[in-house]
Each structure stands twice: as C-alpha cells, then as structure tokens.
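# Fold and contact review
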Amino acid sequence: MDLVQLQRQLVDYRTSLYHEGFLDEQFTQLQELQDENNPDFVVEVVSLFFQDSERLLNELSKALEQQIIDFKRMDAHVHQLKGSSSSIGAQRVQKLCIVFRNYCEARNVEGCLKCLQQVKHEYALVKTKLESMFQLEQQISNAGGSIPV
Amino acid sequence: MVSGNSASSSSLSMKSDEDIVNNNNNLRVLVVDDSPMIRKLHDMYLKKFGLKVQVAENGKQAVDLFHFGASFDLILMDKEMPIMDGEEATKELRTMGVTSMIVGVTSLDSPNEKQAFMEAGLDYFFTKPLTTDNISFILQELNKKNNKN
C-alpha cells in the first residue's frame, strides 16, 4: 500500500472510531497536546490508561469473587475507571462505568457481574482499535510520511 | 467561592501563544492525583500554557511539600486518593494558612460530595477531564488574584 493510501486509511479508521462511539472529543484534545517536543505523548498516555484499566478490571473481578462483596470498594474502582476512560475519550467504557456504579449503589451482584463482563468487552475492543490505529501511524512514519490530522 | 463547572474564557485567545506562555512563566502549579495517567495529562496541558509543574501522588505528599517550605500559585487537587484524600488535604492546607488557589478536579457525581469538597476550601471545582478552556479560565482568575495582591 502506498503512503497516500495509508494516510487515507488512517483518516477513515479514525473517523469510524468517533462515529461508532469508541472515542470522543477528549481524544482529539489529547492529539492536539502532542507536538514535536513530545511526539509520543498520545501513545504514552494511552499506555498508562491500558495499565490502569487492567489493574482496575482485575481488582473488580477479585472483588466480585469474594464471599462478602465490598460494594463501596468496587464503586471506588469503577469511579477511577470512569475517570481515566473519560480522560482519554474512551466513551463507551465511560458510559458503562456509569451503569456499573448504579449497580454498585444498589448492591446488585448480578447487575455488577453482567456489567463487569460488558466493561471488559468494551475495554478489549477499544484497546484493539487504538493499537491498530497506532500501528497504522507507525507504518506511515516508517514510510516517511506525516500523520494526517 | 462558586464552582466553575463549564467556564470558558475568550480573552486569553486574543493573545498570541507566545504571550500566554510568557505571562505564565513564573506561575508554579502542583498537580495532586494518584493516577499516573492523569498526572501526565494535566502536566502536559499546563506546560502548554507555559507553567512550571510539580506532581504529588496523594494529599499527604501535597501537604508535606508545603510543610517543607514549598509554595505554589495553583494546586489541582483530585478528590479520591489513598493515604489522604483531596478533601482532607484541602482542609489541612487551609488550616496551615495556605492561600494558593486550589482547584478541585474530580469525576464526582454526587452534588453533596461536590459541596463537601468545595466547603473544604476550594476556590473552584471542575469535573474530569480538564479542558484547555478550563485551564484558560483558571489562569485568568489566577492572574486577576495575583494582580490584586
């Protein structure tokens, strides 16, 4: 694939992520912060988001395996995940966290279990999408091209 | 003081980017948040405005910095943090006589929790994530405050 095609593919892919609700305006703000002094800023922030999310999802899984479920602690974890997902523009994950918090407040175990599965699924999806996007960007850079805005 | 949830500023946009950075060169900011991702994000936002940024991982670290003689013009304080949360840290700093502008930045949903955090001694409160408009507003207010003193 030539450079122009790669660049077009990236633009289309990125547009689709916004269109399908995977990303929102906050991700655009992240991209606008990146400059020649900090060329890997977006990748670095998103990597931190991945680390944070995986830790929190593990904590939530463990919490729901306990005999006595600590809903308050679970709510704190979901609250953190909501905060970090909204900070990078991972809209679908953020919206599910709002639902999850409602189930925590209602002390609804079934609801929490179901929500956790949904959050894990959405997180895995957005992670794959972002990684694919970064790979495309890398291909363009390797081919000597500039990343279209 | 009243929270500035969706405040925006247009007067700073009249200046050139260089003017904005030069105006803010002497302002020191402390970002207090337990999330490495949020610390990195806010650090970048603030540096774009020409600010000198230091970070702390929790409320206790922030309070200790002041105990050891550090001073900051602006503190961005998260609410939910281990060891000492933002509300407690804010109360502690105000009791110590700290007059820096303290801006709460969190993804709290409950109005009661927001109210309690404001009453701890915040000057303003914003929901996460901060936007460039939020920061413009904060800096405008900070410059007004510094001009009065």
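Scroll up to find the structure this text is about.
Residues numbered from 1 in each chain as written. Chains lettered and ligands numbered in written order. Predicted model: local features only at pLDDT ≥ 70, side-chain atom pairs only at ≥ 80, totals over all residues. Heavy atoms only, no water.

As a further point, take the packing of helix H3 (residues 41-65) of chain A against helix H6 (residues 109-142) of chain A. Residue and element names in this part refer to chain A. Relative orientation of the contacting elements H3 and H6 amounts to 160 degrees, with a least axis distance of 11 Å. As the angle between them shows, H3 and H6 are arranged roughly antiparallel. Here H3 and H6 pass one another in a crossing that is left-handed. Contacts between H3 and H6 involve Val42, Val43, Val46, Phe49, Phe50, Ser53, Glu54, Leu57, Leu60, Ser61 and Leu64 from the former and Cys112, Leu113, Leu116, Val119, Lys120, Tyr123, Lys127, Leu130, Glu131 and Phe134 from the latter. Here the residues of the contact of H3 with H6 are counted per class, giving 15 nonpolar, two polar and four charged. (Axes fitted to C-alpha atoms, helices over the stretch in contact; angles between N-to-C directions. Helix = DSSP H or I, 4+ residues; strand = E, 2+ residues; numbered from the N terminus. Parallel < 35°, antiparallel > 145°, perpendicular 65-115°, else oblique. Left-handed = near helix turned anticlockwise from the far one by under 90°. Contact = heavy atoms within 4.5 Å. Nonpolar A, V, L, I, M, F, W, Y, C, P; charged D, E, K, R; others polar.)

Our next topic: unusual backbone geometry. Even without glycine at this site, Arg107(A) takes up a positive phi of about 55 degrees. By the element assignment, Arg107(A) lies in the loop between helix H5 (91-105) and H6. We note that Ile83(B) has phi near 70 degrees; this positive angle belongs to a residue other than glycine. Inspection of the secondary structure assignment puts Ile83(B) in the loop between strand E3 (74-77) and helix H4 (86-95).

The subject of this paragraph is the packing of aromatic side chains. All names here are of chain B. For the structure on display, the rule yields seven aromatic pairs over all chains. Measuring from centroid to centroid gives 6.1 Å for Phe126 and Phe137, while their planes differ by 70 degrees, and the two rings are edge-to-face. With Phe126 in strand E5 (residues 124-127) and Phe137 in helix H6 (residues 132-148), this pair connects stretches of sequence that are 11 residues apart. A relative accessible area of 0% means that Phe126 is categorised as buried. On the basis of relative accessible area, Phe137 is assigned to the buried category, the value being 13%. (Phe/Tyr/Trp six-rings, centres within 6.5 Å; stacked < 30°, edge-to-face > 60°. Buried < 20%, exposed > 50% of the residue type's maximum accessible area, 1.4 Å probe, protein only.)

To continue, consider the interface of chain B and chain A. Listed as interface residues are 20 residues of chain B and, on the opposing side, 23 residues of chain A. Summing the contributions of chain B and of chain A, the shared interface buries around 1,800 Å²; its carbon and sulfur component is 61%. Ranking the residues of chain B by area buried against chain A places Met37(B), Lys40(B) and Met44(B) at the top, with a combined share of 35%. Our enumeration of links across chain B and chain A arrives at two salt bridges. The closest approach of N and O atoms between Glu44(A) and Lys40(B), which form a salt bridge, is 2.8 Å. At the boundary of chain B and chain A, one finds five residue pairs in polar contact (both at pLDDT 80 or more). (Buried area = accessible area lost by both parts, 1.4 Å probe. Salt bridge = Lys/Arg side-chain N within 4 Å of Asp/Glu carboxyl O. Polar contact = N/O pair within 3.5 Å; in protein donor to acceptor, adjacent residues only side chain to side chain.)

Residues and elements named next belong to chain B. Neither face of E3 is exposed, since Leu74 and Leu76 on one face and Ile75 and Met77 on the opposite face are all buried. Direction of pairing for strand E1 (residues 28-32) relative to E3: parallel, over a ladder of four bridges. Looking across to E3, one finds that Val31 is bridged to Leu76. Where E3 and strand E4 (residues 101-106) come together, four bridges link them in parallel fashion. From the neighbouring strand, Met77 faces E4, where its bridge partner is Gly104. In terms of handedness, the path from E3 via H4 over to E4 forms a crossover that is right-handed. (Pairing = 2+ DSSP bridges. Right-handed = clockwise from strand over helix to strand, strands pointing away.)

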